[in-house]
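# Inside the fold
This is what each chain is made of:
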Amino acid sequence: MAVLSDPIADFLTRVKNAGIARNEEFTAPYSRIKAELARILEQEGYIWGYEVIGEGVQKAIKVKTKFSAEGKSIVTDVKRCSKPGRRQYVHSSEIPVVMNGLGISIVSTSAGLMTGAQARKQQIGGELVALVW
């Protein structure tokens, strides 16, 4: 098994690819940050839900993808902003508005992972993790 240099980008790509391939669900290796990403995506209506399966080293996260009435994926695209080789930090006033509010930005703050709108409201900056639309 190959070691991933950016497991968050891998998870976000799996979300996007599952929608493109019209897969109702997919699994990814578990980590707390991926579970938090899935929580935010569920809270914002981009996925139906998620659950943690397995125990110990074999833990995985199972995500149920969401589709529109026409059968198109709700997640159109994702962009990983801050990468392991080049971190991107933003002040609360610099958090981008994605597609005029049709998408979300995900920010890792001192108060945990949250959407850009929540971070702006609380006036907290942090690491700009990803943009989802």
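Residues numbered from 1 in each chain as written. Predicted model: local features only at pLDDT ≥ 70, side-chain atom pairs only at ≥ 80, totals over all residues. Heavy atoms only, no water.

### A short note on the side chain of threonine 65
- Here threonine 65 is to be found in strand S3 (residues 60-65).
- Of the residues examined, threonine 65 reaches a relative accessible area of 6% and is grouped as buried.
- A polar side-chain atom of threonine 65 sits 2.5 Å from the main-chain carbonyl oxygen of asparagine 23.
- Not counting residues up to four positions away in its chain, the partners in contact with threonine 65 are Ala18, Asn23, Glu24, Glu25, Phe26 and Trp48. (Helix = DSSP H or I, 4+ residues; strand = E, 2+ residues; numbered from the N terminus. Buried < 20%, exposed > 50% of the residue type's maximum accessible area, 1.4 Å probe, protein only. Polar contact = N/O pair within 3.5 Å; in protein donor to acceptor, adjacent residues only side chain to side chain. Contact = heavy atoms within 4.5 Å.)

### As for the packing of helix H1 (residues 7-20) against helix H2 (residues 32-43)
- Where H1 contacts H2, the two axes come as close as 10 Å, and the packing angle between them is 35°. Crossing hand, H1 versus H2: right-handed. Every residue of H2 that contacts H1 at Pro7, Ile8, Phe11 and Val15 is listed here: Ile33, Lys34, Leu37, Ala38 and Leu41.
- Among the residues making up the contact of H1 with H2, the classes are represented as eight nonpolar, no polar and one charged. (Axes fitted to C-alpha atoms, helices over the stretch in contact; angles between N-to-C directions. Left-handed = near helix turned anticlockwise from the far one by under 90°. Nonpolar A, V, L, I, M, F, W, Y, C, P; charged D, E, K, R; others polar.)

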